Amino acid sequence: MPKLKTHKGIKKRVKVTARGKVKFHKHNKGHLQSNKSGNRRRRLRRTKTITGPYADKMIQLLGPGAR
């Protein structure tokens, strides 16, 4: 079997923690901030984690050295 290649788009957007959770930054923070509420902008600053089968798929796309 050939080597698995890392999915470069996922690599740029997602990090795997030491415990195997998948962290990412939320979208909608790029521009047009003035019409968003302060609470919403504050929420967008935080990172979010992906869990379950979707997280497993992300780790698979990141390749064998991701865990």
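If you're wondering where the values come from, they're calculated on a predicted model, not measured in any experiment. (Residues numbered from 1 in each chain as written. Predicted model: local features only at pLDDT ≥ 70, side-chain atom pairs only at ≥ 80, totals over all residues. Heavy atoms only, no water.)

J.: Honestly, the nonpolar core in this entry has me stumped. Any pointers?
T.: The nonpolar side chains of soluble globular proteins are, as a tendency, buried together. Among the nonpolar cores identified, the biggest contains 9 residues, and these are Ile10, Val14, Val22, Ile50, Ala55, Met58, Ile59, Leu62 and Ala66. Sorting elements by how many residues they give to this core places helix α3 (residues 53-62) first, with 4 residues. (Core = buried A, V, L, I, M, F, W, Y, C linked by side-chain atoms within 4.5 Å. Buried < 20%, exposed > 50% of the residue type's maximum accessible area, 1.4 Å probe, protein only. Helix = DSSP H or I, 4+ residues; strand = E, 2+ residues; numbered from the N terminus.)

J.: Honestly, α3 in this entry has me stumped. Any pointers?
T.: Structurally, the α-helix is built with 3.6 residues per turn, so residues lying three or four positions apart point the same way. The set of residues buried in α3 consists of Ala55, Met58, Ile59 and Leu62. Around the axis of α3, the buried residues are gathered within 95° of arc, so they sit on the same side. For α3, exposure combined with an orientation more than 90 degrees from the buried face picks out Pro53, Tyr54 and Gln60. Contact partners of the buried residues in α3: α1 (8-13), β1 (14-16), β2 (22-25) and β3 (47-50). At the exit of α3 stands glycine 63, carrying a positive phi of roughly 100°. (Arc of directions from axis to C-beta. Contact = heavy atoms within 4.5 Å.)

J.: Whenever I open this one, the confidence of the model for the protein chain confuses me. Can you help?
T.: Do not read the fine detail of predicted coordinates wherever pLDDT is low. Looking at the protein chain as a whole, its pLDDT mean stands at 89, while 100% of the residues score no less than 70. No element of the protein chain has a lower mean pLDDT than α3, at 89, and none a higher one than helix α2 (residues 38-45), at 93. (pLDDT = per-residue confidence, 0-100.)

J.: Any chance you could explain the pairing of β2 here in plain terms?
T.: Residues in a regular strand project their side chains so that they alternate between the two faces of the sheet. As defined by bridge partners, β1 adjoins β2 across 3 bridges and the pair is classed as antiparallel. By the bridge assignment, valine 14 is partnered in β2 with phenylalanine 24. Where β1 folds back onto β2 in an antiparallel hairpin, the turn is made up of 5 residues, including glycine 20, whose phi is positive at roughly 95°. Note that β2 and β3 share 4 bridges and pair antiparallel. Bridge pairing links histidine 25 to threonine 47 in β3. (Pairing = 2+ DSSP bridges.)

J.: What is the right way to read the environment of threonine 47 from this model?
T.: With respect to the helices and strands, the residue threonine 47 is situated in strand β3. As for threonine 47 and isoleucine 59, which are separated by 12 residues in sequence, their C-alpha atoms are 17 Å apart. Setting aside anything within four residues of it in sequence, one finds threonine 47 in contact with Lys23, Phe24 and His25.

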